[in-house]
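Take a look at the letters that make up each chain.
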Amino acid sequence: MIELTDVHFTYGCHPVLDGISLHVQEGEVVGITGPNGAGKSTLLYVIMGLIKPQSGEVKIFGVPVNKFKDRHKIGYVSQKATLINRSYPATVLEVVLSGRAAMRGLFRFLGREDKRCAEEALERVNMLSQRNAAMCELSGGQQQRVMIARALAVQPRVLIMDEPTNGVDAANLAGLARLIKNLHNDGVTMILVSHESEWLSSFASKRVCLDRKICSCSCHYYPGEIRWRDCMNSRQEKISLDCADSLVRG
Amino acid sequence: MDIFQYDFMLRALVGGLLVGVICPIIGLFVTLRRMSMIADALSHVCLSGVAAGLLMGAQPVLAAAAFALGGSFLIEGLREKYKNYSELSIAIVLSAGVAVAAIIIGLGNGFNGGIMSYLFGSIVLITVEDIYVIALIGIPVLLLTMVFIKELFAITFDEETALVSGLPVKLINVCFMALTALTIAVSLRIVGILLVSSLMVLPVAVAMQLAKSFRGTLVAAVATGVVAVLIGLMCSFYLDLSPGGAIVMTLVLMLILVLVLTSRWTTAA
């Protein structure tokens, strides 16, 4: 579904991604963790085609990312989504509907079909009853659910979330994990970046530990069974699971 | 009412109502994108356009529209150049606009004070030609904004996600800058160059106190803009005030009233 081969990306003379190879298969929930500055968000930007790597290949659904046109197959929950727009005058339904703007196309207005899809997405995140509430009246956890609903409104095949725990208090983290598990059970492929490695471990079917290069990668499709996956190139070490905490600096 | 017996007043009302609708709609997006200063910068560029129009004998509003469009593209280009200091682009264009205007006004020996009617607006001097220009530019601006409203909402709310979803963010941003520039150009005859940004921002400030949905805020902002233009023009006619000053002071009083009422409602609740 998503394939990165030996991707290198450098900001100036500072290498951020150093030979990343990663395969994401349909139905997987990939949790990417690592210390600050490890290149987690940059990796997502490369996957989504927002930045172009200096070398390496990125394919989405078998198509090179620079030629990929079916953007509605990707749902994205931005790291900044809940941080910058708290006082934005908009209702929950208006925000979720905005996710379908690109899918509807230029010079066409949103209609009943869009509203139905938006309400279905809100139902999936248990926020339908709040559809007419103002965004500023919601808690951080509820706002994050709305952002996920906005991404789901286009019925994407892969959902990418950058630090979805931002602005979500500890009490709501478990609820967010339950929601992600439910989406996984519905067959949604997901890539999540979070510095909360333990939280990611509670539901991710593949965990990737990143620190400019991939330090470890593991998969477990069935409870109790853990199998290593040869998803790295020769420079990447295969070390034990849950290495993220030990990598966090200072 | 004797106000409707005068042709100049009818022209002022037609132009004023159009501007009263367009300015708050564009102003809502300008405010939500935290770009209020851009309206000020472009209105100062309009001053050089008006001065150039007066010097060369061209239609001043059309000349202002051309200069404002150029200024908007310059801001967009400079924003790319100074990505981390994007406000620098606004300051550069504002300074350049005032500098060019000062030189041209000097060359025209002040245009016998004619430039003053563009600084603060004038209802007496609005010509039929002005109304045609306002309608010719203003109506397409209004229609285009409504056509792009879902894209503008998505980009204003979260530009990064809009880009990932496949929206042509750069194209829409350039179009939006052009629409903002044209809105300022058509409004300056009514409210004046120095006060045009107020007609874009103040109705939005009032509306944001009254509504919590985007649609509600848009409707409330337009209603506030139209009411303020009508009251302001009436005051201008009966009290012989500058129309721009009367309209903006009406908006300021409406904002104070709304702030007092909403704080009382909040306290009571």
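Asker: Explain the overall build of chain B to me, and be specific about the residues and the numbers.
Answerer: A tally of helices and strands in chain B yields 12 helices and zero strands. Counting from the amino terminus, chain B carries its helices and strands in the arrangement α-α-α-α-α-α-α-α-α-α-α-α. Expressed as lengths along the three principal axes of its C-alpha atoms, the size of chain B is roughly 50 × 50 × 30 Å. By residue count, 55% of the 269 residues in chain B fall in the buried class. Counted over contacts in chain B with a minimum sequence separation of 6, partners at least 24 positions apart contribute 78%. Taken as a whole, chain B presents about 11,400 Å² of accessible surface, with 71% of it coming from carbon and sulfur. Once the 12 positive and 13 negative side-chain charges of chain B are each reduced to a mean point, those two points are 8 Å apart.

Asker: Mind laying out the nonpolar core, listing which residues take part and the relevant values?
Answerer: Core analysis: the biggest nonpolar cluster contains 133 residues, and I148(A) and L159(A) have the highest contact counts within it. Sequence-distant contacts of I148(A), defined by excluding residues within four places in its chain, comprise V77(A), V125(A), L159(A), M161(A), L176(A), L179(A) and L183(A). Counting 32 residues, the second largest nonpolar core, distinct from the first, contains L22(A), V24(A), F68(A) and V164(B).

Asker: Any chance you could break down the layout of surface pockets for me, citing the residues and the numbers?
Answerer: Here the idea is plain: a probe the size of a water molecule rolls over the atoms and shows the empty space left. Put simply, the second largest pocket is a space of about 680 Å³. Lining the second largest pocket are 21 residues; nearest its centre among them are E94(A), L97(A), L110(A), F214(B) and R215(B). Looking at the lining of the second largest pocket, the elements that each hand over two or more residues are α3 (92-98) and α5 (112-124) of chain A together with α7 (149-157) and α11 (214-239) of chain B. Sort the elements by how many residues they give to the lining of the second largest pocket and α3(A) lands first, with four residues. Class assignment for the residues of the lining of the second largest pocket results in nine nonpolar, four polar and eight charged.

Asker: Hey, could you go over the sheet that holds strand β2 (residues 14-24) of chain A for me, with residue numbers and the actual values?
Answerer: Across a sheet, strands are paired by hydrogen bonds formed along the backbone, either parallel or antiparallel in direction. Residue and element names in this part refer to chain A. Overall, antiparallel pairing links the four strands, which are arranged β2-β1-β4-β5 in an open sheet. Both edges of this open sheet fall to β2 and β5 (63-64), since each of them pairs with a single strand only. Taken together, the five bridges between strand β1 (residues 2-11) and strand β4 (residues 55-60) define a ladder with antiparallel strand orientation. Residue pairing across strands places L4 opposite V58, the latter belonging to β4. The sheet contacts of helix α1 (residues 40-48) involve β1, β2 and β4, and relative to β1 the element is tilted by about 120 degrees.

Asker: Could you give an account of unusual backbone geometry, naming the residues involved and the relevant values?
Answerer: Residues and elements named next belong to chain A. Phi at D6 is positive, roughly 50 degrees, even though this residue is not glycine. With respect to the element layout, D6 can be found in strand β1. At F61, a position not held by glycine, the phi torsion is positive, near 50 degrees. When you line up the elements, F61 lands in the loop between β4 and β5.

Asker: Lay out the interface of chain A and chain B with the relevant residues and their values.
Answerer: Counting from both sides, the interface comprises 32 residues of chain A and, opposite them, 27 residues of chain B. Between the two partners, chain A and chain B, sit two salt bridges. The residue D158(B) makes a salt bridge to R150(A) at a minimum N-O spacing of 2.8 Å. Contributions of two or more residues to the side of chain A that touches chain B are made by α1, β6 (74-77), α2 (81-84), α3, α4 (101-104) and α6 (140-152) of chain A. Taken together, the residues of the side of chain A that touches chain B break down into 19 nonpolar, six polar and seven charged.

Asker: Lay out the side chain of T217(B) with the relevant residues and their values.
Answerer: Looking at the secondary structure, you find T217(B) in helix α11. Among the polar contacts made by the side chain of T217(B), one reaches the main-chain carbonyl oxygen of S213(B) at a distance of 2.6 Å. Each residue touching T217(B), except ones within four places of it in the same chain, is listed here: P89(A), L28(B), A207(B), M208(B) and A211(B).

Asker: Tell me about the pattern of salt bridges, and please be specific about residues and values.
Answerer: Tallied over the full model, the rule gives 15 salt bridges over all chains. In this structure, the salt-bridge partner of D114(A) is R104(A), at a minimum N-O distance of 2.9 Å. In this pair, D114(A) sits in helix α5 while R104(A) sits in helix α4, placing the two residues 10 residues apart along the sequence. On the basis of relative accessibility, which here comes to 18%, the residue R104(A) falls in the buried class. Residue R33(B) is joined to E159(B) by a salt bridge in which the shortest nitrogen-to-oxygen separation is 4.0 Å. In this pair, R33(B) is assigned in the loop between α1 (7-32) and α2 (36-56) and E159(B) in helix α8 (residues 159-164), connecting sequence segments 126 residues apart.

Asker: Could you give an account of the pairing of strand β9 (residues 206-211) of chain A, naming the residues involved and the relevant values?
Answerer: All names here are of chain A. Counting buried positions over the six residues of β9 gives six, a clear majority of the element. Here β9 shows a buried face lined by K206, V208 and L210 and a second buried face lined by R207, C209 and D211. Strand direction decides the pairing type here: strand β3 (residues 29-33) and β9, joined by four bridges, are parallel. Bridge pairing in β9 places V30 opposite K206.

Procedures and definitions
Residues numbered from 1 in each chain as written. Chains lettered and ligands numbered in written order. Predicted model: local features only at pLDDT ≥ 70, side-chain atom pairs only at ≥ 80, totals over all residues. Heavy atoms only, no water. Helix = DSSP H or I, 4+ residues; strand = E, 2+ residues; numbered from the N terminus. Buried < 20%, exposed > 50% of the residue type's maximum accessible area, 1.4 Å probe, protein only. Contact = heavy atoms within 4.5 Å. Areas by Shrake-Rupley, 256 points an atom, 1.4 Å probe, with all protein chains shown as cover. Lys, Arg positive; Asp, Glu negative; His and termini not counted. Charge placed at Lys NZ, Arg CZ, Asp CG, Glu CD. Core = buried A, V, L, I, M, F, W, Y, C linked by side-chain atoms within 4.5 Å. 1 Å grid on protein atoms, 1.4 Å probe; cavity = no way out; pocket = protein on both sides within 12 Å on 5 of 7 lines; lining within 4 Å. Points joined across faces, edges and corners; volume = space filled by probe spheres on them. Nonpolar A, V, L, I, M, F, W, Y, C, P; charged D, E, K, R; others polar. Pairing = 2+ DSSP bridges. Axes fitted to C-alpha atoms, helices over the stretch in contact; angles between N-to-C directions. Salt bridge = Lys/Arg side-chain N within 4 Å of Asp/Glu carboxyl O. Polar contact = N/O pair within 3.5 Å; in protein donor to acceptor, adjacent residues only side chain to side chain.

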